[in-house]
Amino acid sequence: MAHFEISSMFMTAQPVLIKQLDRAMASLESISVGDWAWVGVAVHLLLTVFMVIRILSTQRNTGIAIAWLVLLFAIPFFSIMAYILVGEPYLGKSYKVRNTQAQNLLKGVAQRQDIQLAQVDDTLPKRYQGVSRIGTFDTGFGVYDKHRMQLLTSADSTFDSLIQDINNASNIILMEFYIIYPKGRVQEVFQALIEAAQRGVECQILADSVGSFSFFTDDWHERMVEAGVVVHQSLPVGLFKTLLKRSDLRNHRKIVVIDDDIGYTGSFNLVDPEFFNQDKAVGQWIDLMMRIQSDNAVSVVTALAAVSVTDIGAESTRNLEQLGYRIENNINMYTRKLYRRQPAINDINDKASGYLARQILSNNLSDEYGHDFKASEQDPNHEVTEDSAENNIPAYMRTIANLPAIENVMAQVIPSAPRITEHVIYNTLLTIFHRADYRIQITTPYFVPDEALLAALTTAAKRGVEVTILLPKKVDSFLVQHASQASYSILMEAGVKIALFKRGLLHAKTVIIDDDYCLFGTVNMDMRSFYLNMEISLALYSPSIVKQVYECQQSYLTQCEILTLEEWESRPTYKQLFDSGIRLFSPLL
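Residues numbered from 1 in each chain as written. Predicted model: local features only at pLDDT ≥ 70, side-chain atom pairs only at ≥ 80, totals over all residues. Heavy atoms only, no water.

Draft legend 1. Inspection of the overall build of the protein at higher detail. Per the secondary structure count, the protein includes 23 helices and 17 strands. Within the protein, the proportion of its 589 residues that are buried is 55%. Taking the contacts inside the protein whose residues are at least 6 apart along the sequence as the reference set, 80% of them involve residues at least 24 apart. Counting only carbon and sulfur atoms, one obtains 57% of the accessible surface of the protein, whose full area is about 26500 Å². (Helix = DSSP H or I, 4+ residues; strand = E, 2+ residues; numbered from the N terminus. Buried < 20%, exposed > 50% of the residue type's maximum accessible area, 1.4 Å probe, protein only. Contact = heavy atoms within 4.5 Å. Areas by Shrake-Rupley, 256 points an atom, 1.4 Å probe, with all protein chains shown as cover.)

Draft legend 2. Here's a closer look at the packing of aromatic side chains. The full count for this structure, using the stated rule, is 14 aromatic pairs. When the centroid spacing of 5.4 Å and the interplanar angle of 80° are considered together, the rings of Phe159 and Phe268 count as edge-to-face. Within this pair, whereas Phe159 is found in helix H7 (residues 155-168), its partner Phe268 is found in the loop between strand S6 (262-266) and strand S7 (285-286), the two being separated by 109 residues in sequence. Each of the two residues, Phe159 as well as Phe268, counts as buried. Connected via pairs of aromatic rings, a cluster forms that spans Phe190, Phe215, Phe216 and Trp220. The cationic tip of Arg439 hangs over the ring face of Tyr550; the distance from NZ or CZ to the ring centre is 4.1 Å. Here the basic side chain of Arg571 rests over the ring of Trp568, its NZ or CZ set 3.8 Å away from the ring centre. (Phe/Tyr/Trp six-rings, centres within 6.5 Å; stacked < 30°, edge-to-face > 60°. Lys NZ or Arg CZ within 6 Å of the ring centre and 35° of its normal.)

Draft legend 3. Fine view of the nonpolar core. Judged by nonpolar contacts, the single largest core of 54 residues is most densely connected at Met149, Met290, Phe520, Leu538, Leu540 and Tyr556. When neighbours within four sequence positions are excluded, Leu538 is seen to be in contact with Met149, Thr265, Met290, Ile292, Val300, Ala411, Gln412, Val413, Cys518, Leu519 and Phe520. Core analysis: the second largest hydrophobic core is formed by 48 residues, Leu429, Ile442, Val523 and Ala539 among them. (Core = buried A, V, L, I, M, F, W, Y, C linked by side-chain atoms within 4.5 Å.)

Draft legend 4. Geometry of the pattern of salt bridges. Within this structure, the stated rule accounts for 11 salt bridges. With its nearest N and O atoms 3.2 Å apart, the salt bridge here joins Asp437 to Arg127. Taken together, the positions of Asp437 in the loop between helix H16 (424-435) and strand S10 (439-443) and Arg127 in helix H6 (residues 126-139) put the pair 310 residues apart, joining distant regions of the chain. For the salt bridge of Asp514 with Arg127, the shortest nitrogen-to-oxygen distance reads 2.9 Å. (Salt bridge = Lys/Arg side-chain N within 4 Å of Asp/Glu carboxyl O.)

Draft legend 5. How the structure looks around the pairing of S10. Buried residues dominate S10, accounting for five of its five residues. Where burial is concerned, the two faces of S10 agree: the one with Arg439, Gln441 and Thr443 and the one with Ile440 and Ile442 are both buried. Of the pairings in the sheet, the one linking S10 to strand S11 (residues 466-472) comprises five bridges and is parallel in character. Each residue of the ladder has a partner; that of Ile442, found in S11, is Ile469. For the crossover from S10 across helix H17 (residues 451-462) to S11, the handedness is right-handed. For S10 and strand S14 (residues 510-513), the ladder comprises four bridges, and the chain directions are antiparallel. By the bridge assignment for S14, Thr443 is matched with Thr510. (Pairing = 2+ DSSP bridges. Right-handed = clockwise from strand over helix to strand, strands pointing away.)

Draft legend 6. Spotlight on helix H8 (residues 186-198). Look at H8: 19 Å from first C-alpha to last across 13 residues, which is about the 18 Å you get at 1.5 Å a residue. Counting buried positions along H8 yields 10 of 13 residues, so the element is predominantly enclosed. Residues of H8 that are buried include every one of Val186, Glu188, Val189, Phe190, Gln191, Ala192, Leu193, Ile194, Ala196 and Ala197, and no others. Where H8 is buried, its residues touch H7, strand S2 (172-177), strand S3 (202-208), helix H9 (213-216) and helix H10 (219-227). Remark: Gly200 follows H8 within two positions and exhibits a positive phi of approximately 105°. (Expected span 1.5 Å × (residues − 1).)

Draft legend 7. Layout of unusual backbone geometry. Residue Lys146 is not a glycine yet carries a positive backbone phi of 60°. Tracing the backbone through its elements, the reader meets Lys146 in strand S1 (residues 143-152). Phi at Asn408 takes a positive value of approximately 55°, unusual for a residue other than glycine. Using a relative accessible area of 56% as the deciding quantity, one classes Asn408 as exposed.

Draft legend 8. Just H10, in detail. Turning to H10, its buried residues number three or more, namely Trp220, His221, Met224 and Ala227. Each buried residue of H10 lies within a common arc of 130° when the element is viewed along its axis, so the set occupies one face. Exposed positions of H10 whose direction lies more than 90 degrees from the buried face are Asp219 and Glu226. Along its buried surface, H10 packs onto H8, S3, H9 and strand S4 (230-234). Within two residues after H10, Gly228 carries a phi angle of roughly 110°, on the positive side. (Arc of directions from axis to C-beta.)

Draft legend 9. Region of the structure containing the packing of H6 against H16. Interaxial distance between H6 and H16 falls to 10 Å at its minimum, and their mutual angle equals 175°. Considering their axes alone, H6 and H16 lie roughly antiparallel with respect to each other. Here Arg127, Tyr128, Val131, Ile134, Gly135, Asp138 and Thr139 of H6 lie close against H16, whose contacting residues are Val424, Asn427, Thr428, Thr431, Ile432 and Arg435. A per-class count over the contact of H6 with H16 returns five nonpolar, five polar and three charged. (Axes fitted to C-alpha atoms, helices over the stretch in contact; angles between N-to-C directions. Parallel < 35°, antiparallel > 145°, perpendicular 65-115°, else oblique. Nonpolar A, V, L, I, M, F, W, Y, C, P; charged D, E, K, R; others polar.)

Draft legend 10. Quick look at the packing of H16 against H17. Viewed as axis vectors pointing N to C, H16 and H17 meet at an angle of 15°, and their least axial separation amounts to 9 Å. By the angle between their axes, H16 is roughly parallel relative to H17. The two elements H16 and H17 meet at a crossing, and its hand is left-handed. Touching Tyr426, Leu429, Leu430, Phe433 and His434 of H16 are Ala452, Leu453, Ala456, Leu457 and Ala460, all from H17. Each residue belonging to the contact of H16 with H17 can be placed in one class, and the counts come to nine nonpolar, one polar and no charged. (Left-handed = near helix turned anticlockwise from the far one by under 90°.)

Draft legend 11. Local environment of a nonpolar patch on the surface. Nonpolar side chains collect at one region of the surface, where Phe478, Leu479 and Phe578 lie side by side and expose about 300 Å² of accessible area between them. Inspection of the secondary structure puts Phe578 in helix H23 (residues 573-583). The class of Phe578 is partly exposed, set by a relative accessible area of 37%. (Patch = residues over 30% accessible without salt bridge, like charges linked within 9 Å, V, L, I, M, F, W, Y side chains within 5 Å.)

Here it is, written out as structure tokens:
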């Protein structure tokens, strides 16, 4: 009966609905083509006004705002869609909330254990105390002393050192990389991680979802997960995720923490340069990595571990809950330094017994992955050398191939991320450029400065500071190459020296001020690193380690072509105009 009533009502209403639909169609047909054009103009104007208001209210950087406005009026509908997708540096509300919660969990542990993460060493020179406070204010990490640091200048020395430390690990291994490319000697690192996991070491890897795409689709990923290595994707992408947050904001950090006292950071991705990006016609990538060791309760290693733990915790609700559970139950597995000042006697025994077991096993380690493991290499006091690879080292790098470790280094970790630490690296760079007395020397693969940075560098050169910028002659980004070139004339007119490296893609990222300050890490000199990517930098305050980085730069300079203003301005006019045109969009690159 009910079914019959519903059917009757539908049949009665059907003619009325059809008449209303016919009227609507007739109304639409009566609108002329000209009327539709005016409707389109009105919609376009409304969208344009809305986007102008949005850009002006959200973009704090004037150059970025102007670049988007130029695009908005030059390519209207395309630029609106582009801005919706990639216009604002937003990692996502849920990610930011989890990141804050993870930081608060670790800060709570630090307070309960009376660990002063934001301490500033009184022995720091006064001229840099203000600079260090910029980093401390935005990140919570202060300046720590008494580190032993070794500058690793080649891929082989980095692999040798890293594999040796993994083989000697007894508690925890944290790794965080933008790119993991599973070829060449990287497979040796994977094998060492698998063996570490099998002997009970907790191994956690956080790899960027986009940068490490080839790793996540490789058999090695499955093999490591099966062996017990925990692998996380950083900032995963997808169609639905793209609508809620920017997919081009990436985790560009490179961090390794092993047990309580060893850390690594620098420009080195987990890639073998002999296999990576060989189709780009830019040569092998040349990187620097810093091995850091400290027995202090709080050190740069502690800070690196805190950054990595926070990044892992922020990736998912499950990760955050696991971090909270560990802290509540005092399970000291991420990094024992954050939870306990001194190792227990069992920890020491475990480390000793683990080392003895590895000594016994070392004679049976396979060389299937291209490296001959020797028992002597398992000695924890063994200094990494490059004697075995001497023939593969270019002549210009042999003077920096085996640099000694430096004791008592004072340093500070400065992590940066969009809308989390704001513009901490950018502000630090501007400050130190204006503080320089006689030398600024920059090495970076990507150089796209804004007006403020250009003014700081040119002003420094005009007041007598020797400013040198080392760049690769060829880079793997067409737009970045031309945007960078647009600033060469301005710099050289002020007396800045531009040196173009000819032996590959010089991927190291270092800034030296005078002879007692160095910024070392993952940050490129472009707006993407300053405003969009998650980065990590190491501020070095000890002249002895700064001198070694300077020696590396001097070695690179021997393989550079020094530009002259006359030569540069003699280029065809169309090339100069093209560079200038690309420069308008440089804040977006």
